[in-house]
Amino acid sequence: MLQEQSSLLSLSTELVLLILGLSSNPTLIAIAKTCRRLHYLALPIYLARYGIASSPAPRSFALRDKALRALPGLSAAVFITSADDLWCKFQGPEEFYFQRGVRDLHAFVHGLSSVSRVSLDVGNIDTRWIDGLATAVSDAWKPTFIRMLDAALERGCTSLTVAHGHFLVASSFERPQVVPERTFLGLSFPPRRKRLSSARVLPGNTLASFNIHSNMLLAQPFYDWTLRTLHANPITSLSLRVPGLAQDTWPLVLGAITLPSLASFSAESLDIAFPTLLLFLRRHPTISALTLHPHFPYPRAGAGALPKRRKNHRSNTLLPRLAALGGSTANVAALLGHLRADTALRVREVTLVLPMHQRVFRAADYDALTALVVGVVRGTSARPRALALRFSVPCETLRCARRAPEDGACEVRALLGSVESVRFGTDGRYMFARWVMPRLPAWLGAHFVRLRNVVLSEECVEGVDVCRREMVVRAIKEACPGVKNVLFAHES
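Residues numbered from 1 in each chain as written. Predicted model: local features only at pLDDT ≥ 70, side-chain atom pairs only at ≥ 80, totals over all residues. Heavy atoms only, no water.

Draft legend 1. Local environment of the pairing of strand E10 (residues 237-240). Neither face of E10 is exposed, since Ser 237 and Ser 239 on one face and Leu 238 and Leu 240 on the opposite face are all buried. Sheet analysis places strand E9 (residues 209-213) next to E10, joined by four bridges and oriented parallel. Directly across from Ser 209, in E10, lies its bridge partner Ser 237. Assessed by its sense of winding, the connection that carries the chain from E9 through helix H8 (residues 222-232) to E10 is right-handed. (Buried < 20%, exposed > 50% of the residue type's maximum accessible area, 1.4 Å probe, protein only. Helix = DSSP H or I, 4+ residues; strand = E, 2+ residues; numbered from the N terminus. Pairing = 2+ DSSP bridges. Right-handed = clockwise from strand over helix to strand, strands pointing away.)

Have a look at this one:
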């Protein structure tokens with residue numbers, strides 16, 4: 001018996017690798033758990049079948065489709081002890097594979113000593129396909145999913161992103177029960193408010209960036225976990241991109257969140273009413289970077305009256321540290337209208353998302369573009385030094401296709417005279433190089449007198465050869481004598 005067990009180890013490494021290469025995946029995992037030598041011979045073969053390199057030991061993992069099935073082998077690998085980036089897209093739509101993926105990912109994360117950044121794409125968890133029919137997914141995977149998230153936080157996770165997982169029924173969000181008033185001797189007293197015991201940052205917690213891009217986290221049983229996580233960690237960056245949540249639910253959600261160290265906030269959920277957003281921003285004066293919805297304006301009704309604009313009043317404490325602001329032109333202009341003059345003057349970086357049409361960009365559209373950019377800062381004291389224009393193709397073309405008045409050219413140059421850096425980006429679906437770039441140097445030279453740096457994303461110059469890029473650089477520097485740098489960079 002002993003000779004039969006040790007006969008494999010008596011072979012040369014080449015023969016052992018040949019035998020292991022003919023073994024099935026479950027057999028490789030079983031063999032890898034027998035001894036150290038076979039562990040380092042069997043697991044690299046197993047991981048290579050899923051496109052995962054094992055030498056050197058990987059620290060970044062992108063698991064989707066076929067690679068997601070390698071989680072049992074990753075959990076068994078003793079040479080994988082930590083992870084810098086863990087990105088996982090759960091496969092489906094069969095419920096069995098989804099639950100197994102959650103269980104295997106929990107086992108993998110639990111075996112790590114540390115993990116820095118975790119991004120999870122759970123897909124559509126409402127329905128899975130069984131025998132060709134759509135059926136509701138059971139809740140058996142939810143406790144395991146929460147334990148997996150807790151395991152990541154216990155191992156020093158600093159950035160967590162959960163995306164998709166849309167619920168088909170909006171009623172999955174459980175509203176807080178209304179507590180009746182207390183009565184004593186015929187007198188009515190307001191109900192006692194129960195204070196959250198987890199509303200203080202616990203020592204040792206390291207989560208700083210939390211991207212809630214799934215309404216799954218705002219429905220039970222994840223809602224309570226989300227609030228505990230937000231309040232128990234030093235959150236400095238929060239992103240809300242939650243579709244399908246009712247508008248009257250957002251005051252309850254945002255009203256339950258108070259983050260004393262919040263510095264960057266992104267509100268890209270369309271159903272957030274503008275008054276509700278302002279109330280949240282007033283409670284967080286530490287925000288220095290704010291991203292609004294990139295395409296559509298926020299609803300102005302349905303969540304209380306819109307606060308009066310008291311720009312220079314002493315009681316206006318809205319975002320006193322704001323330095324960077326981004327979003328659609330309508331949302332950016334609306335928020336700047338509620339800032340004090342000295343606060344708006346401190347906004348140094350403005351990012352505007354411009355809805356474009358994919359086919360054409362005529363000469364008259366430059367006048368519309370100028371009107372959009374100028375309309376954001378006109379009537380405010382905002383004079384940004386850095387301006388980023390991102391061309392997107394979501395729905396519609398530029399609406400204000402009117403020419404700027406000739407006698408207003410000096411006003412335009414005065415409003416945009418503080419801009420020293422302009423960055424152009426696109427979502428990859430707009431033909432920027434064909435429609436915008438030919439007349440871009442003349443437009444920059446006509447409106448930006450203090451321009452020093454121009455940055456074009458690689459998506460803007462996709463398909464443009466080196467010679468044409470050099471011609472663009474020369475044309476921009478000729479039209480703008482003050483420009484020192486024309487750079488090509490990837491979208492951040």
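Next comes the rest of the account.
Draft legend 2. Here's a closer look at the nonpolar core. The biggest cluster of nonpolar side chains holds 138 residues, and the ones touching the most others in it are Phe 145, Phe 265, Phe 424 and Leu 444. The residues touching Phe 424, leaving out its near neighbours within four places in the chain, are Leu 389, Phe 391, Phe 432, Leu 440, Trp 443, Leu 444, Val 454, Val 455, Leu 456, Ser 457 and Cys 460. (Core = buried A, V, L, I, M, F, W, Y, C linked by side-chain atoms within 4.5 Å. Contact = heavy atoms within 4.5 Å.)

Draft legend 3. Structural context of the environment of Phe 274. Here Phe 274 shows up in helix H10 (residues 274-282). Linking Phe 274 and Tyr 298, residues 24 residues apart in sequence, is a C-alpha distance of 5.5 Å.

Draft legend 4. Focus on helix H11 (residues 329-336). Taking burial as the measure, the eight residues of H11 include six buried ones, the bulk of the element. Turning to H11, its buried residues are Thr 329, Asn 331, Val 332, Ala 334, Leu 335 and Leu 336. Structurally, H11 contributes buried residues whose contacts are with H10, strand E12 (289-291), strand E13 (324-328), strand E14 (349-355) and helix H13 (364-377).

Draft legend 5. Spatial organisation of the pattern of salt bridges. Going through the model one piece at a time under the given rule, you end up with nine salt bridges. The residue Arg 155 makes a salt bridge to Glu 154 at a minimum N-O spacing of 3.6 Å. The residue Glu 420 makes a salt bridge to Arg 450 at a minimum N-O spacing of 3.0 Å. Residue Glu 420 is found in the loop between helix H14 (409-415) and strand E16 (421-426), and its partner Arg 450 is found in the loop between helix H16 (440-447) and strand E17 (453-457); the two are separated by 30 residues along the sequence. When its relative accessible area of 25% is taken as the criterion, Glu 420 is described as partly exposed. (Salt bridge = Lys/Arg side-chain N within 4 Å of Asp/Glu carboxyl O.)

Draft legend 6. Representation of the confidence of the model for the protein. Looking at the protein, pLDDT values average 82 and 79% of them are 70 or higher. The low-confidence segment residues 168-172, where pLDDT is below 50, has six contacts with residues more than four positions distant or belonging to other chains. Every residue in residues 395-407 scores below 50 in pLDDT, and together they form 23 contacts with partners more than four places removed in sequence or on other chains. (pLDDT = per-residue confidence, 0-100.)

Draft legend 7. Main features of the environment of Ser 421. Looking at the element boundaries, Ser 421 is found in strand E16. The spacing of Ser 421 and Leu 387 is 34 residues in sequence and 6.1 Å in space, taken between C-alpha atoms. Setting aside residues no more than four positions away along its own chain, Ser 421 makes contact with Arg 385, Ala 386, Leu 387, Leu 451 and Asn 453.

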